[in-house]
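# Topology and contacts: notes
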Amino acid sequence: MLEEAKTKLNLSQDELSERITRLQNEYGGLLTDKGALEIILRENTSIAKNDGEKTFVKLADAMLQEQINARVIVKRVRWPRSFETNNRRGRVANITIADDSKTGVLVLWNDECRLVEEGKIRKNCVLELSKAFVKNLEPLELQSRLTSEITIAGIQQSLEEKTTALSELVEGNEVDVQAVVADAREPKEFITKDGRKGKLMRLVLRDDKNLVPVVVWGDAVTQCTSAVPGMRITIEGALVKNNAGMRELHVNDGIITLQTTNAGTALPPTKISTLAANAAATINATVENVFEARVSRKCRACKLKETECTCTKKDVQETLVVSSELSDESGKIRAVFFNETARAFLGIENAANIDAQTVVELKRNYLIGKKITLEVQAKQNDFTQKIEVVVKKIRAVE
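What you see is a predicted model; the values in this text were computed from it and never measured.

### Examining the overall build of the protein chain
For the protein chain, the count of helices and strands is 6 helices and 19 strands. Considering the protein chain as a whole, with its 398 residues, one finds that 43% of them fall into the buried category.

Quick look at the structure:
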């Protein structure tokens with residue numbers, strides 16, 4: 001095959017070796033010498049680049065292992081992710097594309113990922129692809145390779161942008177949302193079970209009536225490190241999950257856009273008696289009682305308590321829960337604090353090093369009567385059917 005390639009391409013041994021190495025680098029070391037050579041031969045025997053007007057084919061007419069010219073619309077953009085193989089690092093981004101005949105995926109490698117990172121390729125872009133390689137037909141997968149060209153031909157203005165309201169999030173759905181940043185934490189690094197380094201960043205989004213936590217994972221964190229409360233934010237491709245009965249968004253490879261326009265951070269102040277299920281609000285209240293502090297241990301996979309979980313490999317999540325009663329001049333309500341807000345309420349840094357219930361017993365009388373300003377999310381208790389609140393942020397304690 002090597003001699004065949006040298007003859008067909010009229011290249012010397014050194015020139016061909018250089019092209020093989022360059023192609024392997026383009027794919028982050030995923031290609032063998034033989035695999036790279038096969039691609040080089042195909043790319044030089046498939047359709048030639050037309051110096052005049054391009055002829056575009058429909059995606060439905062694409063032929064396996066050939067190269068095509070196509071005009072497509074971007075339906076979904078995935079943020080590039082890093083990978084490492086054979087001691088080489090690379091990046092890859094998947095773009096969902098379509099024309100009026102079929103939907104498929106366009107795969108970008110390494111330097112071309114900057115088209116996504118710099119916002120040049122985004123949802124509703126019109127792309128003209130030259131010599132895109134047809135990797136698979138079902139599902140359709142096109143790959144941009146060394147001889148491929150991508151031209152951004154404009155934006156499809158006729159498509160209506162649809163986002164999901166924070167009040168309409170349904171577990172399991174992938175959604176696009178527009179909201180305001182209510183809170184932004186510093187990114188954190190962690191070690192996965194298989195020893196790899198990971199990264200996450202937590203945000204809280206709000207609209208006029210709702211607060212929703214967001215967890216951003218991995219390479220996608222780079223998009224939101226500059227987020228501060230009050231910024232407007234758009235997220236494309238967030239997955240809705242359920243965490244302790246509350247809606248939560250997770251972003252693995254979605255696209256995050258921040259606008260510097262400050263929309264303000266305060267939720268509307270609300271009287272306890274007027275809180276409705278799923279409403280987000282600021283309340284000014286007095287601590288009437290602190291009932292208990294406990295650590296809940298549940299399996300991440302099946303969501304059951306550790307004692308009830310039958311999973312072969314248990315992945316237990318610990319959650320600190322503090323329950324209390326608050327009041328204002330309009331009435332009383334049960335309030336629940338979780339994890340960081342629970343530790344802040346009790347004044348402890350790490351629940352793992354101290355018995356939280358002991359802290360409650362010691363500090364109960366100190367906490368009762370405190371004036372406190374909170375951002376809360378109201379919910380209906382499934383057992384009592386009464387409205388209670390989950391505390392999202394402690395704004396002030398007097």
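### As for the packing of aromatic side chains
Summed over the entire model, instances satisfying the criterion amount to 3 aromatic pairs. For the pair Phe-190 and Trp-217, a centre-to-centre distance of 6.0 Å together with 85° between the ring planes defines the contact as edge-to-face. Residue Phe-190 is found in strand E9 (residues 188-191), and its partner Trp-217 is found in strand E11 (residues 211-217); the two are separated by 27 residues along the sequence. Taking relative accessible area as the criterion, Phe-190 reaches 28% and is therefore assigned partly exposed. Classification of Trp-217 by relative accessible area gives partly exposed; the value is 27%. With centroids separated by 4.2 Å and ring planes inclined at 10°, the aromatic side chains of Phe-337 and Phe-345 adopt a geometry described as stacked. Exposure class is identical for Phe-337 and Phe-345. Each is buried.

### So, the sheet that holds strand E16 (residues 316-328)
One key point about sheets: their strands pair by backbone hydrogen bonds, in either a parallel or an antiparallel sense. Around the barrel, which closes on itself, the 5 strands sit in the order E15-E16-E17-E19-E18 with mixed pairing between neighbours. Going from strand to strand, the sheet's axes swing by 40° on average, the running direction of each strand aside. Judged from the 3 bridges that link them, strand E17 (residues 331-338) and strand E19 (residues 387-397) form a sheet pairing that is parallel. For Ala-335, the partnering residue across the bridge sits in E19 and is Val-389.

### What about the nonpolar core?
Buried together is how nonpolar side chains tend to be arranged in soluble globular proteins. Leu-142, Leu-205 and Leu-249 are the most contacted members of the largest nonpolar core, which totals 49 residues. Excluding residues that lie within four positions of it along the chain, Leu-249 makes contacts with Leu-169, Val-175, Val-177, Leu-205, Val-212, Pro-213, Val-214, Val-215, Ala-238, Leu-239 and Val-240. With 28 residues, the next largest nonpolar core counts Ala-285, Ala-293, Ile-333 and Val-360 among its residues.

### Digging into the pairing of E17
Summarising the sheet, E16 and E17 pair through 8 bridges and their orientation is antiparallel. Considered in E17, the bridge of Glu-325 is made with Arg-334. Linking E16 back to E17 in an antiparallel pair, the connection comprises 2 residues.

### Some thoughts on the environment of Thr-151
Locating Thr-151 in the fold gives a position in strand E7 (residues 149-155). On the basis of relative accessible area, Thr-151 is assigned to the partly exposed category, the value being 35%. Between the C-alpha atom of Thr-151 and that of Val-126, which follows or precedes it by 25 residues, the distance is 8.5 Å. Here Thr-151 is in contact with Val-126, Leu-127 and Glu-128, once residues within four sequence places are set aside.

### A look at the side chain of Asn-381
Along the chain, Asn-381 turns up in the loop between strand E18 (371-380) and E19. Assessed through its relative accessible area of 17%, Asn-381 is described here as buried. Within the local environment of Asn-381, its side chain forms a polar contact with the side chain of Glu-388, the two groups lying 3.0 Å apart. Beyond its immediate stretch of four places on either side in the chain, Asn-381 contacts Arg-334, Lys-386 and Glu-388.

### A few points about unusual backbone geometry
Omega for the bond connecting Glu-138 with Pro-139 falls within 30 degrees of zero, at 0°, which places this linkage in the cis form. Tracing the sequence through the fold places Pro-139 in the loop between strand E5 (125-137) and strand E6 (140-143). Positioned with a positive phi, Gln-385 is a non-glycine residue whose angle comes to about 65°. Residue position: Gln-385 is located in the loop between E18 and E19.

### A look at the confidence of the model for the protein chain
Chain-level pLDDT for the protein chain is 85 on average; 87% of the residues reach the 70-or-more range. Segment residues 45-52 is flagged for pLDDT under 50; beyond a separation of four residues in sequence, or across chains, it makes 8 contacts in the model.

### Things to note about the environment of Arg-89
Position of Arg-89 among the secondary structure elements: in strand E3 (residues 88-98). Sequence separation between Arg-89 and Asn-110 is 21 residues, and the spatial gap between their C-alpha atoms is 9.2 Å. Polar contacts involving the side chain of Arg-89 include one to the side chain of Glu-84, which spans 3.5 Å.

### A few points about helix H5 (residues 339-346)
Within H5, the full set of buried residues consists of Thr-341, Ala-342, Phe-345 and Leu-346. For H5, the angular spread of buried residues about the axis comes to 130°, placing them on one side. Looking at the buried residues of H5, the elements they touch are strand E15 (280-299), E16, E17, helix H6 (356-367), E18 and E19. Where H5 ends, the next residue or the one after it, Gly-347, has phi of about 75°, a positive value.

### Observations regarding the pattern of salt bridges
Within the structure shown, the criterion is met by 22 salt bridges. Arg-89 serves as the salt-bridge partner of Glu-84, at 3.5 Å between the closest nitrogen and oxygen. Exposure class is identical for Glu-84 and Arg-89. Each is exposed. The shortest N-O distance in the salt bridge between Lys-271 and Glu-329 comes to 2.1 Å. With a gap of 58 residues between them, Lys-271 in the loop between strand E14 (255-262) and E15 and Glu-329 in the loop between E16 and E17 connect regions that are remote in the sequence. Through salt bridges with shared partners, one network takes in Arg-76, Arg-78, Lys-123, Glu-174, Asp-176 and Asp-253.

### A short note on H6
An ideal rise of 1.5 Å per residue puts 16 Å on 12 residues; H6 reaches only 14 Å between its terminal C-alpha atoms. Regarding H6, the residues found buried are Ala-356, Val-359, Val-360, Arg-364 and Leu-367. Seen end-on, H6 carries its buried residues on one side only, within an arc spanning 140°. Exposed and facing more than 90 degrees away from the buried side of H6 are Leu-362 and Asn-365. For H6, the elements touching its buried residues are E15, E16 and H5. Phi turns positive one or two residues past the end of H6, at Gly-369, with a value near 95°.

What counts and what doesn't
Numbering of residues begins from 1 in every chain and follows the order in which that chain's sequence is written. Reporting of local features is limited, given that this is a predicted model, to residues whose pLDDT is at least 70; pairs of side-chain atoms are given and counted only at 80 or more, and all residues count toward the totals for whole chains, interfaces and linings. Side-chain measures here rest on the full set of heavy atoms in the structure, leaving out hydrogens and waters. Each helix is a run of H or I in the DSSP string that is no shorter than four residues. Each strand is a run of E no shorter than two, and both are numbered from the N terminus. Categorising residues by exposure relies on relative accessible area from a 1.4 Å probe, with only protein chains included: less than 20% of the type maximum marks a residue as buried, more than 50% marks it as exposed, and the intermediate range marks it as partly exposed. When two rings of Phe, Tyr or Trp (its six-membered ring) have centres within 6.5 Å they constitute a pair, described as stacked for plane angles under 30 degrees, edge-to-face for angles over 60, and tilted for the intermediate range. Here, a strand pair is defined by DSSP locating no fewer than two bridges between the strands. Axis definition: a line fitted to C-alpha atoms, over the contacting stretch in the case of helices. Angles run 0 to 180 degrees between N-to-C directions. By nonpolar core we mean a set of buried residues, namely Ala, Val, Leu, Ile, Met, Phe, Trp, Tyr and Cys, connected to one another through side-chain atoms within 4.5 Å. When checking whether two residues touch, look at their non-hydrogen atoms; a contact exists if any pair is within 4.5 Å. Residues adjacent in sequence count toward polar contacts only when both atoms are side-chain atoms; beyond that, a polar contact is any pair of N or O atoms within 3.5 Å, and within protein one must be able to donate a hydrogen and the other to accept it. Per-residue confidence from the predictor is reported as pLDDT, a score between 0 and 100. The arc under discussion is defined with respect to the helix axis, by the directions toward the C-beta atoms. Definition used for salt bridges: Asp or Glu carboxyl oxygen within 4 Å of a side-chain nitrogen of Lys or Arg. Take the number of residues in a helix, subtract one, and multiply by 1.5 Å to get its expected span.

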